[in-house]
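Here is how the chains run, residue by residue.
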Amino acid sequence: APCRAPGSAGAVGMGWAAALALPRPAGPHHVGCADVMVGRTRQGLFFRLYYPCEPRAGAARPLWIPRAEYFEGLVDVGGRRRWWSAPLLRAAFGTFRVPLSWNSPFKRGSAKYPLIIFSHGLGAFRARRSLHPRSRRRRDRSASATYFCTGEPGEALREEWIPYGPVPPGEKEFYFRNKQLHQRADECARGLQLFEDISRGQAVPNVLHGAFDLSVLQGSIDMTKVAVMGHSFGGVTAVLATVKEPRFSCAVALDAWMFPLEHARYPDVSKPLLFINNEKFQTPESIARMKRLRSRNSETKSVTILGSVHHSQSDITFLTGKFEKLINRILTTRGTLNPHKVLGITCQAALAFLQRHLDLNEDFDQWDQLLDGIGDSVVADEPLCRSNL
């Protein structure tokens, strides 16, 4: 649903004057989320599910960063020393919560819901991501950290953590990231098949303790209306996923990092794509790759949000308080355009594109002009020069 950001929810951590002011969901449904793990090996699936839920008084809200291991992974990605950086991050941000209902009952609709599979960026994880539904967690070592559970049915689960994997010395980055890219795209395709199995009534156990019961989704997902999305590394993952799994009707790529996709795959990309780029991230080479894909399909669109940076389409841009300037100085989390405005443009353009290619019975076509780069703070393709925003 459209993200109009009528309010925000945050927390103050351990006396620090900081908050995570994430916009509350502004669509017609209350939003629930739950973690799902299927299988007890590295080959299983692990993701966070976002779904329409029944309102529930006193419903718990999930932590933004749910485990200490993720703080360690984030500092590994940033090249900082764990012994001081991880405790500092945990003290500053460890109590922040997301304005969603944790494990709340699923709400059945009068019609089936479409499905969106989302792939996060390099070094992120399933709870720290871009602001869109159903995030996959990576076991290819491209996440800041992740884990899987082992143990026979009926036994206590044993966690095995997989740390972030930098490019090994002596190995070319392209070949290392390309392998991860293909694993990511394969996981997106397997995620789609998982929901196909659920829709057909197949028993799919969620092995996590106190887990969300996936069987309640049966009969509520329209498997003819499925799209894939992603941010950065996840953006190019979405592009490749449409090649590996033709049941994806289209893809939305948020500031896609096109580097890891081999040129030999470009002729195979036939589904409509929407590239929503930020002004201060893309390179001429990356833009040229997007243009090559646009030349093959007239339904593929590309727009740039002026005054935005790469992290403008992630949740970290909504940090406020004393740490805002410090984090922005290290990661450049905000551009000159208000983050709520960036989020609004991103959501509206994506919804207009999804309505067009998933045949949704909504009013999202009111934002069709954004797909042609017509609107405040947005241009078609890429700007010829830096804006003054």
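As recorded in an unreviewed UniProt entry, the chain goes by the name 1-alkyl-2-acetylglycerophosphocholine esterase, listed as coming from Nothoprocta ornata.

Q: Where do I start with the overall build of the chain in this structure?
A: Of regular secondary structure, the chain possesses seven helices and 16 strands. Across the chain, every contact between residues at least 6 apart in sequence was considered, and the portion connecting residues at least 24 apart equals 67%. Carbon and sulfur atoms provide 52% of the accessible area of the chain, an area that totals close to 16,800 Å².

Q: Just checking my understanding: could you explain the UniProt feature "active site" (unreviewed entry) in the chain for this structure?
A: When the UniProt feature table is mapped onto this chain, "active site" (unreviewed entry) is found at Ser-232, Asp-255 and His-310. The greatest C-alpha distance among the residues just named is 8.0 Å, despite their covering 79 residues of sequence, which places them together in space. Take Asp-255: it is sitting in the loop between β12 (251–254) and β13 (273–280). Discounting chain neighbours no more than four positions away, the residues touching Asp-255 are His-231, Ser-232, Ile-276, Asn-277, Asn-278, Phe-281, Gln-282, His-310 and Gln-313. Note on placement: His-310 falls in the loop between β14 (301–309) and β15 (319–321). Apart from residues lying up to four places away in sequence, His-310 is in contact with His-231, Ser-232, Asp-255, Asn-278, Lys-280 and Phe-281. Of the polar contacts made by the side chain of His-310, one reaches the side chain of Ser-232; its length is 2.8 Å.

Q: Honestly, the side chain of His-357 in this entry has me stumped. Any pointers?
A: By the element assignment, His-357 lies in helix α7 (residues 339–358). For His-357, a relative accessible area of 17% puts it in the buried group. Apart from residues no more than four positions distant in its own chain, His-357 is found in contact with Ser-249, Cys-250, Pro-272 and Glu-299.

Q: How should the pattern of salt bridges be read in this particular structure?
A: Pairs can form between side chains of opposite charge once their charged atoms are near each other. Tallying each qualifying case throughout the model produces twelve salt bridges. Residues Arg-177 and Glu-173 are paired through a salt bridge, measuring 3.7 Å at the closest nitrogen-oxygen approach. Here Arg-177 and its partner Glu-173 are both found in helix α3 (residues 173–199), four residues apart, which amounts to about one turn of the helix. Among the charged side chains, a network of salt bridges with common partners joins Glu-196, Arg-200, Glu-245 and Arg-247.

Q: Is there a simple way to explain the pairing of β12 in this structure?
A: Put simply, side chains in a regular strand alternate between the two faces of the sheet. A two-sided burial pattern is seen for β12, the buried positions comprising Ala-251 and Ala-253 on one face and Val-252 and Leu-254 on the other. Examined bridge by bridge, strand β11 (residues 221–231) and β12 share four bridges and lie parallel to one another. In the strand pairing of β12, Val-228 is matched with Ala-251. Following the chain from β11 across helix α4 (residues 233–244) to the adjacent parallel β12, one finds a crossover that is right-handed. Judged from the four bridges that link them, β12 and β13 form a sheet pairing that is parallel. Bridging across to β13, Val-252 finds its partner in Leu-274.

So, how was this worked out
- Residues numbered from 1 in each chain as written.
- Predicted model: local features only at pLDDT ≥ 70, side-chain atom pairs only at ≥ 80, totals over all residues.
- Heavy atoms only, no water.
- Helix = DSSP H or I, 4+ residues; strand = E, 2+ residues; numbered from the N terminus.
- Contact = heavy atoms within 4.5 Å.
- Areas by Shrake-Rupley, 256 points an atom, 1.4 Å probe, with all protein chains shown as cover.
- UniProt positions renumbered as here; feature names shortened; annotations may be inferred.
- Polar contact = N/O pair within 3.5 Å; in protein donor to acceptor, adjacent residues only side chain to side chain.
- Buried < 20%, exposed > 50% of the residue type's maximum accessible area, 1.4 Å probe, protein only.
- Salt bridge = Lys/Arg side-chain N within 4 Å of Asp/Glu carboxyl O.
- Pairing = 2+ DSSP bridges.
- Right-handed = clockwise from strand over helix to strand, strands pointing away.

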